[in-house]
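# Architecture at a glance
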Amino acid sequence: MSLRERRRAALTLVVVFVLGCVAMVTAVQPSAVLAGERPQGSPAPAAAPLAPTAKQAAPRAVDCRNLKCVALTFDDGPGPYTAGIVKALKAKGAKATFFMLGSQVKGREAAVRAVKAAGMEIGNHSFNHPDLSKLGARAIRSQVGRTDAALAKAGVKATLYRPPYGAMSRTVRASLADRPISLWGVDTLDWRTRSTSATLRAASAAPRGAIVLMHDIHGSTAKAVPGIVSALQAKGYHLVTVSELLRAPQPGKVYTGRYAR
């Protein structure tokens, strides 16, 4: 075989080899993409949007400048009726503010967290309910600080303060100048009457912008709550926390309703 013939034969073999390789690659590549995989170098598929969950719900926004609002408040807890009151409020889409005693918080941290988790507001109501107007500045700060510490152990921070009996003095006001003070405009006298019907009548008569005083340590009050909520909502009222009612309560100010004094 001449040199020219040998070269031609070799070239033919190379061409056949190359064509065979191309055919193999073409046959194998489509089956290389398995379920859940993508070819190297290709762009990743766009992520599917996440389905909305209950935790992603829009935050509640109530503007009490334009809506009829009332703030229900409960003092002296947490106690044996607190959870039932919260359940009754939550069932009707109502909010309230709970002014808690530090001595009651101890050992009931789970109950405090449940109140907060339900969307209620928590305030500081002293440690063991003394008349602060008869105490000096140091003792007042101790009452507040011990309750703040008890609430902190439950993972909660008080947003407001309410002195026991609503007792005020220059010393009390100066000692609490770092936070808003919420008193009330409607006293249901539930602490005196211990009457479900009397508490229901008093709270249901609350005017627009009122802060209503009740106590979650009385069974008679707990029984009145569903009726109170229904009666006020039937009048078109939104039941809100104190801070929602006031929008932006200011430290050092004393509030009995929609406006400070």
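Criteria and thresholds
Here the residue numbering is sequential within each chain, running from 1 through the sequence in written order. The model is predicted, so local features are restricted to residues of pLDDT at least 70 and side-chain atom pairs to those at 80 or more, both for listing and for counting; the totals for chains, interfaces and linings are taken over all residues. Hydrogens are left out, water is left out, and the side-chain values use all remaining heavy atoms of the structure. Helix and strand definitions follow DSSP, with helices as H or I runs of at least four residues and strands as E runs of at least two, each counted in order from the N terminus. Type-normalised accessible area, obtained with a 1.4 Å probe on protein chains alone, sets the label of each residue: buried when under 20%, exposed when over 50%, and partly exposed for intermediate values. Residue-level accessible areas treat just the shown protein chains as cover; the underlying method is Shrake-Rupley with a 1.4 Å probe. Any Lys or Arg side-chain nitrogen located within 4 Å of an Asp or Glu carboxyl oxygen qualifies as a salt bridge. If DSSP finds at least two bridges between two strands, the strands pair. Axes here refer to lines fitted to C-alpha atoms; in helices the fit is confined to the stretch in contact. Angles between the N-to-C directions go from 0 to 180 degrees. Here a crossing is taken to be left-handed if its near helix is turned anticlockwise relative to the far helix by less than a right angle, and right-handed if that turn runs clockwise. Any two residues whose heavy atoms approach within 4.5 Å at even a single point are treated as in contact. The term polar contact refers here to a pair of N or O atoms within 3.5 Å; inside protein, the definition further demands a hydrogen-donor-capable atom paired with an acceptor-capable atom, and it admits residues adjacent in sequence only when both atoms are side-chain atoms. Pairs of cysteine sulfur atoms within 2.5 Å are identified as disulfides in what follows. You can read pLDDT as the predictor saying how much it trusts each residue, on a scale of 0 to 100.

### As for the overall build of the protein chain
Helix and strand content of the protein chain: 10 helices and 8 strands. Burial statistics for the protein chain: of 261 residues in total, 41% are counted as buried. Of the accessible surface of the protein chain, which amounts to about 14700 Å², a share of 59% is contributed by carbon and sulfur atoms.

### Quick notes on the pattern of salt bridges
The full count for this structure, using the stated rule, is 5 salt bridges. Aspartate 75 is paired through a salt bridge with arginine 162; the nearest N and O atoms lie 2.8 Å apart. With a gap of 87 residues between them, aspartate 75 in strand β1 (residues 69–77) and arginine 162 in the loop between α5 (137–153) and α6 (170–175) connect regions that are remote in the sequence. Judged by its relative accessible area of 2%, aspartate 75 falls in the buried class. For the salt bridge of aspartate 148 with arginine 179, the shortest nitrogen-to-oxygen distance reads 3.0 Å.

### A short note on unusual backbone geometry
Trans is the common state for peptide bonds, and a negative phi is the common state for residues other than glycine. In this chain, glycine 77 is followed by proline 78 through a cis amide linkage whose omega measures 0 degrees. Among the secondary structure elements, proline 78 is positioned in the loop between β1 and α2 (82–91). Of note, histidine 129 is a non-glycine position whose phi angle comes to about 65 degrees, a positive value. Structurally, histidine 129 can be placed in the loop between β3 (121–124) and α5. The backbone phi angle of leucine 189 is positive, close to 60 degrees, even though this residue is not glycine. When you line up the elements, leucine 189 lands in the loop between β5 (186–187) and α7 (190–193).

### Details of the pairing of strand β6 (residues 211–215)
Burial analysis of β6 places 5 of its 5 residues in the buried class, the great majority of the element. The alternating pattern of β6 places Ile211, Leu213 and His215 and Val212 and Met214 on opposite faces, both of which are buried. In this sheet, β6 lies alongside β1 in parallel orientation, the contact comprising 5 bridges. In the strand pairing of β6, aspartate 75 is matched with histidine 215. By the bridge criterion, 2 bridges tie β5 to β6 in an arrangement that is parallel. Across the sheet, the residue bridging to valine 186 is valine 212, located in β6.

### Topic: the packing of helix α8 (residues 196–204) against helix α9 (residues 219–234)
Each pair of packed helices can be summarised by the angle the axes make with each other and by the distance between the axes. In contact at an axis separation of 8 Å, α8 and α9 are set at 35 degrees when each is read in the N-to-C sense. Taken as a pair, α8 and α9 cross one another with a handedness that is right-handed. Between α8 and α9, the contacting residues are Thr196, Thr199, Leu200, Ala203 and Ser204 on the first element and Ser220, Thr221, Lys223, Ala224, Gly227, Ile228, Ala231 and Leu232 on the second.

### Considering the side chain of serine 220
Mapped onto the elements, serine 220 comes out in helix α9. In this structure the side chain of serine 220 is engaged in a polar contact, spanning 3.5 Å, whose partner is the backbone oxygen of arginine 194. Once you skip the residues sitting within four places of it in the chain, serine 220 turns out to touch Arg194, Ser195 and Thr196.

### Some thoughts on the state of the cysteines
Going through the model one piece at a time under the given rule, you end up with 1 disulfide. Paired through a disulfide, cysteine 64 and cysteine 69 show a sulfur-sulfur distance of 2.2 Å. Disulfide cysteine 64-cysteine 69: the torsion about the S-S bond is -90 degrees, which places it as left-handed. Looking at cysteine 64, the relative accessible area reads 5%, which means it is buried.

### So, the confidence of the model for the protein chain
Per-residue confidence for the protein chain gives a mean pLDDT of 84; residues scoring 70 or more make up 76%. Below a pLDDT of 50 lies the segment residues 13–19, which in the model reaches 0 contacts outside its immediate sequence neighbourhood of four places, other chains included. In this model residues 21–59 is a low-confidence stretch, pLDDT under 50, and it forms 6 contacts with partners more than four residues away in sequence or in other chains.

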